[in-house]
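Topology and contacts: notes
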Amino acid sequence: RMSREEKERNYAFWCEPCDKGFKTQARLDAHLEEHINCEYPGCNFTCSKPERLEKHTEMLHIRFAGVNLIDPVKYVSDRKAKFPTEAVVARKLHDLAI
């Protein structure tokens with residue numbers, strides 16, 4: 001199997017999302033025409049295989065429904081706010097007791 005450096009030496013044109021090289025711009029353009037874009041708002045994911053798009057959708061958009069993985073700063077902030085510290089647990093127990 002060729003290393004990334006060997007691939008880059010052998011192929012002048014590169015598809016980053018697929019990590020695949022092409023010898024001509026025309027072949028890269030033809031490959032890019034096969035790409036499918038994720039339709040979720042704010043998501044820039046693209047690939048050339050429907051099954052890969054399905055896996056992406058399942059892993060990032062369905063499994064984590066309601067979780068904003070597009071904005072990592074907000075995601076981390078939300079996670080920290082919900083981290084089960086003593087104060088958070090006490091507040092939750094109080095809320096459940098009412």
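The structure this text deals with has already been given above.
Residues numbered from 1 in each chain as written. Predicted model: local features only at pLDDT ≥ 70, side-chain atom pairs only at ≥ 80, totals over all residues. Heavy atoms only, no water.

Re the overall build of the chain
Here is the rule we go by: In this description a helix means any DSSP run of H or I spanning at least four residues, a strand means any run of E spanning at least two, and both kinds are numbered starting from the N terminus. Radius of gyration: C-alpha atoms only; globule rule: 2.2 Å multiplied by the number of residues to the exponent 0.38. Per-residue accessibility, obtained with a 1.4 Å probe over protein chains only, is compared with the maximum for each type, and a residue is labelled buried under 20%, exposed over 50%, and partly exposed between these values. Pairs of residues are marked as contacts when any of their non-hydrogen atoms sit within 4.5 Å. Asp and Glu are treated as the negative residues and Lys and Arg as the positive ones, with His and the ends of the chain left uncounted. To locate a charge, the coordinates of NZ of Lys, CZ of Arg, CG of Asp or CD of Glu are taken.
When its secondary structure is counted, the chain shows five helices and four strands. The C-alpha atoms of the chain give a radius of gyration of 21 Å, which is well past the 13 Å a tight globule of 98 residues would have. For the chain, the C-alpha atoms occupy an extent of roughly 65 × 25 × 20 Å along the three principal directions. For the chain, buried positions account for 17% of its 98 residues. Long-range pairs, those at least 24 residues apart, make up 8% of the contacts in the chain with a sequence separation of at least 6. Charge-centre separation for the chain: the mean point of 17 positive side chains lies 4 Å from the mean point of 16 negative side chains.

So, unusual backbone geometry
We note that aspartate 19 has phi near 55 degrees; this positive angle belongs to a residue other than glycine. Its location among the elements puts aspartate 19 in the loop between strand E1 (13-15) and strand E2 (20-22). Residue class for aspartate 19 comes out partly exposed when judged on its relative accessible area of 34%.

A look at the packing of aromatic side chains
Each aromatic ring pair is summarised here by two numbers: the centre-to-centre distance and the angle between the ring planes. Using the following cut-off: Only Phe, Tyr and Trp rings are paired, with Trp represented by its six-membered ring, and only when their centres lie within 6.5 Å; those with planes under 30 degrees apart are stacked, over 60 edge-to-face, the remainder tilted. Any Lys NZ or Arg CZ that is within 6 Å of a ring centre and within 35 degrees of that ring's normal is treated as a charge sitting over the ring.
In the structure shown here, the tally under the stated rule is one aromatic pair. With centroids separated by 6.5 Å and ring planes inclined at 55 degrees, the aromatic side chains of tyrosine 11 and tryptophan 14 adopt a geometry described as tilted. Using a relative accessible area of 24% as the deciding quantity, one classes tyrosine 11 as partly exposed. Under the relative-accessibility criterion, tryptophan 14 is labelled buried at 17%. Just above the ring of tyrosine 11 sits the side chain of lysine 23; from NZ or CZ to the centre is 5.3 Å.

With respect to the side chain of threonine 57
Mapped onto the secondary structure, threonine 57 falls in helix H3 (residues 50-62). Ignoring sequence-local partners within four residues, the contact set of threonine 57 consists of Tyr40 and Ile62.

Some words on the state of the cysteines
Two cysteines, two sulfur atoms, one covalent bond between them: this is a disulfide. Put simply, the rule reads: Two cysteine sulfur atoms form a disulfide, by the criterion used here, when they sit within 2.5 Å.
What the rule picks out here adds up to zero disulfides. Looking at cysteine 47, it has no disulfide partner, and the nearest cysteine sulfur is the one in cysteine 18, 6.9 Å off.

Points about the environment of histidine 56
With respect to the helices, strands and loops of the structure, histidine 56 is situated in helix H3. Residue histidine 56 is classed as buried on the basis of its relative accessible area of 8%. Note: C-alpha distance between histidine 56 and threonine 46 (ten residues apart in sequence) is 9.6 Å. Dropping the residues within four chain positions of it, histidine 56 is found in contact with Cys38, Cys43, Phe45 and His61.

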